[in-house]
Each structure stands twice: as C-alpha cells, then as structure tokens.
Amino acid sequence: MKLNEQSQNLGARIVAIHIIAFVLLTLLGIRLYYLQVVQGQYYSDRAENQRIRYIPIPAPRGAIFDRNGKILVDSRPTYNVVLSNEPIKTIDVTERVDDYARGLALESKFVVERLNLIKKQNEFETMVLKENATMQDISWVESHSLEYPELRVELQPQRFYPHGLVLAHVLGYVGEISPKQLESEEYKDMRPGSIIGKGGLEQYYDEYLRGKPGYRKVIVDSRGRVQSEIDKVEPQAGQDLVSTIDFDLQMAAEEKLAATPTKRGTIIAMDPNNGEIFAMASLPSFDPNIFVQGSKTPEGRKQIAAYWQEEQRPLFNRAIQGRYPPGSTWKIPESVAGLQQGAISVAHSNLACGGGIQIGNKFTRCMGNHGSPPLSYAITHSCDGYYYRLALKMGIEGVIKMVETFDYDKRSGIDLPNEKISQTPKSWKPIIEKREGRWSDIRTVYSGIGQDTVVVTPISMLRAVASVGMQGRMYTPHFLKEFKPISAVGEESDRSCVPAREGFGFQHPEPKIIEMTAEQNDLVVKGMWGVVNGGGTGAGIRIPGFEIAGKTGTAQVAVLGQDVGAKKDHAWFVSFAPAHKPEIAVIGLVENVGFGGSFAAPAVKGVYEAYLAKKNGGQMPVDPNLVAKR
C-alpha cells in the first residue's frame, strides 16, 4: 500500500516538474522570440553601436585674404586633448574632475562644464577638453591611457590671426557655439562644441567659411579604445574669402590713427565707384587670438573679461557702431538737399551769415562773419550761419527728407554684423514732440550743423558724401570680393598669393541714385575742393598734383566751457579724390581731440599718401605748377 502511494506521489511530482519545465521553457521561448525576433534589430544595432564609434574630423576653415593675396586669417595645426562620451557614460564624472584638472592644468569648474556637455551628445561623441596641448599634457594623457580611455590627443586645425590687433573688428574671431545659438534655426545642424564665427567677416560669412566636418568610423574595445578604422568620410573644407581690403592702406590707417592724441576713433577708405572697402581701422582694438587660444584658460578668460570691462571699449567697432554728432560734415548732404528742394538754387545760393542767428532769446553764433556767401564759399569756409538759415528754409520736414534721401535712417548694408543705425531728427521728432509738446526752431537750427538730435555712424557719412563725388550714385559698402574653393583635405595648397580672379563673387546691390543736376553737383564739389585746395578749413593737408575734395567737422559733445579733456570736441574729415573723378574716398573720426582740420584731416592725408605711393610705385606725385615754376 505504502509502495503504491509512494509511486503515485513520485508520478505526480514528475508531472509537476514536467509542467513547470514546460512553462519555464515556454516563457523562455517567448522571451527569446521577443528578444531575437521582435526586438532583434534593436539589440543588433545596440551591440553594433557598442563596438563602432564615429569620430568627427573638423573641416578646415577657409582662409581670408586681402585683395592682393596677403593672408589675413588662416588656420594652423594644433594638438588638442579630446573627450569621448561613451566611456564617460559608465562612470561617475565627479571622480574625474580633480584628476583632469590637475593633470591638464585646467580649472575644475571648466572641467565640470565640459563633462556635462559631452554627456549630452549622441552621434558624434567627442569634445575638445583642452586646446593647444603642451608636450606635458600629451605625455600625461598617453601615460594614463589605460586609466582614462576616454581621453586622447588629436591634431586639429585652429584659427590664427597673424596680424593680431590689426583688422580685428573687420575679421572678428571664432569660438564655440553657445547653448542659446544651438536652439536657433540658423544653427540647427550644429552640435555642442562646434566652432562658428563670432563677429566680423568670420560671423557674416560663417556658413561659407566653416565647411562641413567629416568623420572616422572605428571599432573600439569595451573600454572605448580605438582598435581599427573601417571607414572615413573626409571633411569638406570651407571656401577661401578674398576681401576688398588693401593691407598696405590698412596699415597706414592704423598707424595714423594710433598717432592721434587720444588714439580713439576710426578711419575708413573706400572705392566710391563700387563700395569696396580698402581699409577700416577702429581704435582701440583687441587681439582675436585671445578668444581662440585663451578662452579655456584662466589667463585667457581674464583678458577677455578685461576687454569687456575696459572703459575705452576695444571690442566696439567705431566705424559701424559708433554714433557721433557729425558737425560740419553734415553740411554736404544738407547742401545737396537744399538744392534738390529749392531752398537755394545754383544761380541764387547766397544766404546771410550774420555771425550767427537769433532764435527767441538765444543767439547761436558762427565761428566767423562771412557776409552773405554763396554755397561753395559756405562749404569751403564752413559758415555755420549759412546752414542755420538753410535748415530753417528747408524746415524740419526738409531735413527729414534729406535723412531719407541719403539713407541715414537705415543701415548702410555693409557685410558686417551688428551695424547701428544713425539717429536723426526723423527718429527724434516724435519723441521730442511727445516730451516737449512741439518741435522748436532752435532744434532745426542745431540740426543744420549736425548737432543736438543728429548722431551718425562714420560708415553712413562716408557712403553719403562719396555719392556726391559719384554724381549721385550711392553704393553699398562691402568687404567681399569673391570666394575661392580651397584644395581638398590632405592636398598641398599654396596660399602665399591668391589672384583676385576666377572663383565666384556675390552680386552686390545696384547703387541708389541721389537725384541732382550736373550743375548742382559741380557747385557742391567746388566747395569741397576749396576746403583743401582753395584756402579752406582743410588747407593744411593739400597734396600737390592730387586734388582732394573734403569737408572738416568739429562736433561738440559738451556745452562751451565744459568741452575739455574727455568732453573735448570730436574731429571729423570726410573726402574723396581726385575731386572731379574719384578713385578713393576716406573718412576720419578722432574722438575728443578738437578741430577736424587739425587732427582728423592729417590722419586721412596719411592714407592718401600711402595710396599714391603704392599707385606710383613709391613716388609721390609732382605738382605740374611747381615743375613749370622751376
């Protein structure tokens, strides 16, 4: 009996074991089916990704040249310490911070920032931890390769500005894309750590200069170390930019500006026939290499912070961002507008000077007493009394029409970012009327000599006055001459001289036409010619055999009696030459030095002399009158 019961119990147990085994095998089969069939592709891809890595190859950035093939910006090879994010994902990053900081001489805060960024990356999982790695840095990484497999040393291109402070505002610099920029549509294809233009031509033409990165497809071991390369996609190099800059004229502008008492201001030289910029100097300046090479070091960040905090504002491009009262340079577009609007005519252009003008209980003086001069004399001798009355005859609506005619209410369209718009009676009139109840005659009088409600950018003033030399053709100023594709990566390329031909350029806008008759134009140019060549306010810069047409300007920044030191007048000189068939137009603005004829005009003369010396093979032109006398 007992034997039978034991036999039955054993059978029941065997059945139970079979059932349990069947259930377990069924569950295991279902799980295997799910993993291998349903989720097979997912896990296959995941396993493949765990052993295959994509290492980005930065694209060589296009170089920038002057119009004669001189290198202005290039890239040079440098060793960088880079991080790979796959190994980082498996460890506590806080364990690495102090080690990286000590071994690579980095700030702990900076290391934390880089680790947080690298952990956010997906497809291309590398990021530069330290640029310009020293031999000590390289040795430290190599000696700790087993301990820190996520670190490696790579040879990568780095932007280099060989001329330092020269042309810094025009060229700009490059740097890592910011988190805010990554969110914008413009940079949707970028990733954290990408290098983009940050100002100047580097920013404006970034899309063409930066090229497209490539990548290496490699097999790595379980610790993320590269074992072999299975594929490689070469980067697409950026295009070389040939600019309109003439480096010799640029150096002349820089030197003349640096020789002024305050060393603050701008000089711009332009071809009035097409808007090409020959030179643009703005002082004080900055070294763009600091932003590229030092942005990740304590010393570099300290220097960058000093640039931003410096009272003299070295990062400020005075040529396109500075807004200054134009003083008497404003009289040139006003003269054209007065003729256009019929306030004066070629035949009857005389207006009284009166030594100034009485408006209500206020007498606003002129620097002289010029009787009742014609327009050309008023320009040559800068008669304020004449322009007080001309502004009143035009009325404030006429002044505003002049602003619109010469585009002072718009950006010039120059191919640089962050250009400011001039502020004029057009922008101030609604504000003044709301605040004071009306626009007064005295404000119209002040607007006649470029004061009070008038502040303009130097580039807008140069563009407007250059159009007078071109009989009303007002071109858009620009730096781009053409783009040139560079050689494929790995091929030799001679960049010592690039001829400014072939390649391709952008279509620049057609000039705006300022309506004026030939007689009106001749009358204004006659007055400007007299400023330099007819005993006018700029007579001290006359160049024999090269007739400059110009206009001085001395702009108040404080009331009389307080215009000293930091509040001293700004000095202006705007011009083109030769007077009756211009080849070059130059403007100079020097902050807080005094009379335009004493400071801005001589600085501009230096640029003309450099232009002539280059044009004539190093020889200054000879005055034919002097030759005849001899």
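So, how was this worked out
Residues numbered from 1 in each chain as written. Predicted model: local features only at pLDDT ≥ 70, side-chain atom pairs only at ≥ 80, totals over all residues. Heavy atoms only, no water. Pairing = 2+ DSSP bridges. Helix = DSSP H or I, 4+ residues; strand = E, 2+ residues; numbered from the N terminus. Axes fitted to C-alpha atoms, helices over the stretch in contact; angles between N-to-C directions. Parallel < 35°, antiparallel > 145°, perpendicular 65-115°, else oblique. Contact = heavy atoms within 4.5 Å. Nonpolar A, V, L, I, M, F, W, Y, C, P; charged D, E, K, R; others polar. Salt bridge = Lys/Arg side-chain N within 4 Å of Asp/Glu carboxyl O. Buried < 20%, exposed > 50% of the residue type's maximum accessible area, 1.4 Å probe, protein only. Arc of directions from axis to C-beta. Patch = residues over 30% accessible without salt bridge, like charges linked within 9 Å, V, L, I, M, F, W, Y side chains within 5 Å. Areas by Shrake-Rupley, 256 points an atom, 1.4 Å probe, with all protein chains shown as cover. Lys, Arg positive; Asp, Glu negative; His and termini not counted. Charge placed at Lys NZ, Arg CZ, Asp CG, Glu CD. Expected span 1.5 Å × (residues − 1). Phe/Tyr/Trp six-rings, centres within 6.5 Å; stacked < 30°, edge-to-face > 60°. Lys NZ or Arg CZ within 6 Å of the ring centre and 35° of its normal. Polar contact = N/O pair within 3.5 Å; in protein donor to acceptor, adjacent residues only side chain to side chain.

A. Representation of the sheet that holds strand β18 (residues 549-555) in the model. Strand order in the open sheet formed by five strands is β12-β11-β20-β19-β18, and the pairing between neighbours is antiparallel. Each edge of the open sheet is held by one strand with a lone partner, namely β12 (277-283) and β18. Taking the axes of each pair of neighbouring strands and ignoring which way they run, one obtains an average angle of 5 degrees across the sheet. Relative to strand β19 (residues 570-577), β18 is paired through seven bridges, and the arrangement is antiparallel. In the sheet register, A555 faces β19, and the bridge partner there is H570.

B. Layout of the packing of helix α16 (residues 384-405) against helix α17 (residues 425-436). For the pair α16 and α17, the least separation of the axes is 9 Å and the interaxial angle reads 140 degrees. When the axis of α16 is compared with that of α17, the two are oblique. Where α16 abuts α17, its residues I396, E397, V399, I400, V403 and E404 lie against P425, K426 and K429. Residue composition of the contact of α16 with α17, by class: five nonpolar, no polar and four charged.

C. Quick peek at the pattern of salt bridges. What the rule picks out here adds up to 29 salt bridges. In this structure, the salt-bridge partner of D384 is K331, at a minimum N-O distance of 2.6 Å. Of this pair, D384 sits in helix α16 while K331 sits in helix α14 (residues 331-341), and the two are 53 residues apart along the sequence. The shortest N-O distance in the salt bridge between E397 and K429 comes to 3.6 Å. With E397 in helix α16 and K429 in helix α17, the pair connects residues that are 32 residues apart, well separated along the chain. Through salt bridges that share partners, E404, D407, D409, K410, K426, R463 and K512 make up one connected network.

D. How the structure looks around helix α6 (residues 135-143). D137, I138, W140 and V141 are the residues of α6 that are buried. Projected down its long axis, α6 shows its buried positions confined to an angular sector of 160 degrees, all on one face. Pointing more than 90 degrees away from the buried face of α6 are the exposed residues M135, Q136 and S143.

E. Representation of a nonpolar patch on the surface. Where nonpolar side chains cluster on the molecular surface, the patch consists of V15, I19, I20, F22, V23, L24, L27 and I30 and spans about 790 Å² of accessible area. Summarising the element assignment, I30 is placed in helix α1 (residues 2-38). Classification of I30 by relative accessible area gives exposed; the value is 52%.

F. Up close: the pairing of strand β8 (residues 214-220). The sheet contact formed by strand β1 (residues 52-57) and β8 spans six bridges and is antiparallel. Each bridged residue has a counterpart across the sheet, and for I52 the counterpart in β8 is I219. Judged from the six bridges that link them, β8 and strand β9 (residues 226-233) form a sheet pairing that is antiparallel. Opposite I219, over in β9, you have S228 as the bridge partner.

G. Summary view of a positive patch on the surface. On the surface, R313, R323, R411 and K420 cluster together to form a positively charged patch. Among the secondary structure elements, R323 is positioned in the loop between α13 (298-309) and α14. Residue R323 is classed as partly exposed on the basis of its relative accessible area, which comes to 33%.

H. Here's a closer look at helix α21 (residues 600-615). In this model, α21 (16 residues) spans 23 Å end to end at C-alpha, consistent with the 22 Å of a helix rising 1.5 Å per residue. Here α21 has its buried residues at A600, A601, A603, V604, K605, G606, V607, Y608, Y611 and L612. If you follow the buried residues of α21, they end up packed against α11 (247-258), β11 (265-270), β19 and β20 (584-590). Within two residues after α21, G617 carries a phi angle of roughly 65 degrees, on the positive side.

I. Quick peek at unusual backbone geometry. Cis geometry is found at the peptide bond from L283 to P284, where omega equals 0 degrees. Relative to the helices and strands, P284 is located in the loop between β12 and α12 (288-293). The phi angle at L167 is positive, at roughly 70 degrees, despite the residue not being glycine. The topology assignment puts L167 in the loop between β5 (151-160) and α7 (168-171).

J. Highlighting the side chain of S349. Mapping S349 onto the fold places it in the loop between α14 and β13 (356-359). When residues no more than four places from it in sequence are discounted, the contact partners of S349 are I344, P373, P374, L375, Y386 and L523.

K. View of the packing of aromatic side chains. For the coordinates displayed, the defined rule picks out 15 aromatic pairs. Ring centres of F291 and Y307 lie 6.0 Å apart, and the angle between their planes is 10 degrees; this geometry places the pair in the stacked category. Separated by 16 residues along the polypeptide, F291 in helix α12 and Y307 in helix α13 bring together distant segments of the chain. Like Y307, F291 is buried. Aromatic rings pair up to connect Y173, F286, F291 and Y307 into one cluster. Positioned above the aromatic ring of F160 is the side chain of R76, whose terminal nitrogen or guanidinium carbon lies 4.0 Å from the ring centre.

L. Highlighting the side chain of K551. Within the secondary structure layout, K551 lies in strand β18. Although K551 is buried, it forms no salt bridge, and the closest oppositely charged side chain is D384 at an N-O distance of 7.2 Å. Only 2.9 Å separates the side chain of K551 from the side chain of S382, close enough to count as a polar contact. The contacts of K551, once residues within four sequence positions are left out, are S328, T329, K331, I332, I379, S382, V531, T537, W572, F573 and V574.

M. Geometry of the environment of A391. By the secondary structure assignment, A391 is in helix α16. It is 9.7 Å that separates the C-alpha atoms of A391 and S335, two residues lying 56 residues apart in sequence. Ignoring sequence-local partners within four residues, the contact set of A391 consists of E334, T444 and G448.

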